[in-house]
Amino acid sequence: MARKIVITSGKGGVGKTTITANLGFMLASTNKRVALFDVDIGLNNLDVVLGVENKVVYDIVDVIEGKCRPKQALIQHFEQSMLYIMPSSHLTNADRISSRDIKNVIDSLNDFFDYILIDCPAGIDLGFQRAVYSADEALVVCTPHISSIRDADKVVSILSSYKLSNVSVIVNRVRGDMILNNESFSVEDVAKMLKVPLVSAIPEDDDISTLSIIGRTVKKDSQSYRAFDLLASNINNNTRYIFNCTKKYSGLFGGIIRKLKKRV
Amino acid sequence: MVMQCKTEVGLERLNKVLINDKYVEPNSIIKVLKSDILHIISSYMDYLPETCEVNIEVNELGEYDFNFFVSARRIKMFGMLPK
């Protein structure tokens, strides 16, 4: 039986797709069979972020319409053989796709995977409901910005009406230097405001956007790699070890880096 | 005057925004909740419907305070009820 986890946020641009891609990659590297579902119909991006856009033959809408079997639509990742991607469609009129349709496809692959991660579209309309309906657990992604936290709070309220066994928050794009300068909310502040357990803090990393341009996941020597590794470990073992985003900027040398960063 | 640090100001603003967002007109939920609670209570006591009061308020911690009040004429004797 797969653990079905929806990655959601409410607000757009907070990093849901990037987190889905990198978390999936990390879980797969621990020898878990992982399927990533892009249910953002019409505005699909998971295939591009993972660099498999040229391998798409069938998509989830083709599966729903009976044009192919679910396994035929799955794309195996070129670097990580345990990672599969179910691409979404460019179809702009997605109204005819129901939550039940998506759930049927996900349930049909339940026995073949350890994890099914569902990349949820932004907003709280039909696309959101389609994504959440199939999940057993939810990861709410937000950034330490007031608008993102506000939207995440609304999403958490909506999620409470679904039968989810676990709802946790991931704070993405954390600036350790700004936290130490008292210019940004800390990850603990965010979790406290949302009243939801914190499962991960991912530091702001310029490499993530660069790597997503060329369809690659995070680099092994980076801070974000260690944060994603910790997140995957937390998901696997139900632990709550949080990456320390301020460590790099603490102490004498950290203080110098902080001051230099502020000047640039 | 001591100027508050930016994070403190931000947290205060965020807290106000989140509390304000929770002030959703709860009439519909109160109506359903009242009917559900009264349905359960009716198994245990003869309550006076006209005394029933329900209200939900958001406190300064952003949590909901739920108050329910009802008077009852008598409590039912469970030992006497047929099985």
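Keep in mind it's a predicted model, so treat the numbers as computed, not measured.

> Hey, could you run me through the pattern of salt bridges in this one?
Close approach of charged atoms allows side chains with opposite charge to pair. Using the criterion set out here, one finds 11 salt bridges over all chains in the structure. Between Arg3(A) and Glu137(A) there is a salt bridge whose closest N-O contact spans 2.9 Å. Residue Arg3(A) is located in strand S1 (residues 3-8), and its partner Glu137(A) is located in strand S6 (residues 137-142); the two are separated by 134 residues in the primary sequence. Relative accessible area serves as the criterion here: at 10%, Glu137(A) is assigned to the buried category. Here Asp21(B) makes a salt bridge to Arg150(A), at a shortest N to O gap of 2.7 Å. With one member in each of two chains, Asp21(B) in helix H1 (residues 6-22) and Arg150(A) in helix H7 (residues 146-159) form a pair that bridges those chains. Using a relative accessible area of 22% as the deciding quantity, one classes Asp21(B) as partly exposed.

> Looking at this structure, I do not really get the sheet that holds strand S8 (residues 198-203) of chain A. What am I missing?
Hydrogen bonds between backbone atoms are what pair the strands of a sheet, whose relative direction is either parallel or antiparallel. Residues and elements named next belong to chain A. Taken together, eight strands build an open sheet; the order of strands is S3-S4-S2-S5-S1-S6-S7-S8 and the sheet is mixed. In this open sheet, the two strands that pair with only one neighbour each are strand S3 (75-76) and S8. Examined bridge by bridge, strand S7 (residues 166-174) and S8 share four bridges and lie parallel to one another. From the neighbouring strand, Ile 170 faces S8, where its bridge partner is Ser 200. Each of S6, S7 and S8 touches helix H9 (residues 187-194); the most contacted strand, S7, lies at about 145 degrees to it. Where helix H11 (residues 223-237) meets the sheet, its contacts fall on S1, strand S5 (115-119), S6, S7 and S8, and the angle it forms with S8 comes to roughly 165 degrees.

> Can you help me understand the packing of aromatic side chains in this one?
The relation between two aromatic rings is expressed through the spacing of the ring centres and the mutual angle of the planes. Residue and element names in this part refer to chain A. On inspection of all chains with the given rule, the structure shows one aromatic pair over all chains. Ring centres of Tyr 84 and Phe 113 lie 5.7 Å apart, and the angle between their planes is 70 degrees; this geometry places the pair in the edge-to-face category. Of this pair, Tyr 84 sits in strand S4 (residues 83-86) while Phe 113 sits in the loop between helix H5 (99-108) and S5, and the two are 29 residues apart along the sequence. Looking at Lys 71, its charged tip hangs above the ring of Phe 112, at a distance of 3.7 Å from the centre.

> Would you take a moment to explain unusual backbone geometry for this structure?
The general pattern is negative phi for most residues beyond glycine and trans for most peptide bonds. The backbone of Asn31(A) shows a phi angle near 70 degrees, a positive value even though the residue is not glycine. Note that Asn31(A) resides in the loop between helix H1 (16-28) and strand S2 (34-38).

> Would you mind going over the environment of Ala227(A) with me for this structure?
Residue and element names in this part refer to chain A. Tracing the sequence through the fold places Ala 227 in helix H11. Exposure remark for Ala 227: the relative accessible area of 1% places this residue in the buried category. For Ala 227 and Arg 69, which are 158 residues apart along the polypeptide, the C-alpha to C-alpha distance reads 36 Å. Setting aside residues no more than four positions away along its own chain, Ala 227 makes contact with Ser 200, Ala 201, Ile 202, Pro 203 and Phe 243.

> I tried to follow the layout of surface pockets on my own but got confused; where do I start?
Over the atoms rolls a probe the size of a water molecule, and its path tells where empty space is left. What the largest pocket holds in volume is close to 490 Å³. Elements with a minimum of two residues in the lining of the largest pocket: H1, helix H2 (46-49), S7 and helix H10 (206-213) of chain A.

Rules and cut-offs
- Residues numbered from 1 in each chain as written.
- Chains lettered and ligands numbered in written order.
- Predicted model: local features only at pLDDT ≥ 70, side-chain atom pairs only at ≥ 80, totals over all residues.
- Heavy atoms only, no water.
- Salt bridge = Lys/Arg side-chain N within 4 Å of Asp/Glu carboxyl O.
- Helix = DSSP H or I, 4+ residues; strand = E, 2+ residues; numbered from the N terminus.
- Buried < 20%, exposed > 50% of the residue type's maximum accessible area, 1.4 Å probe, protein only.
- Pairing = 2+ DSSP bridges.
- Contact = heavy atoms within 4.5 Å.
- Axes fitted to C-alpha atoms, helices over the stretch in contact; angles between N-to-C directions.
- Phe/Tyr/Trp six-rings, centres within 6.5 Å; stacked < 30°, edge-to-face > 60°.
- Lys NZ or Arg CZ within 6 Å of the ring centre and 35° of its normal.
- 1 Å grid on protein atoms, 1.4 Å probe; cavity = no way out; pocket = protein on both sides within 12 Å on 5 of 7 lines; lining within 4 Å.
- Points joined across faces, edges and corners; volume = space filled by probe spheres on them.

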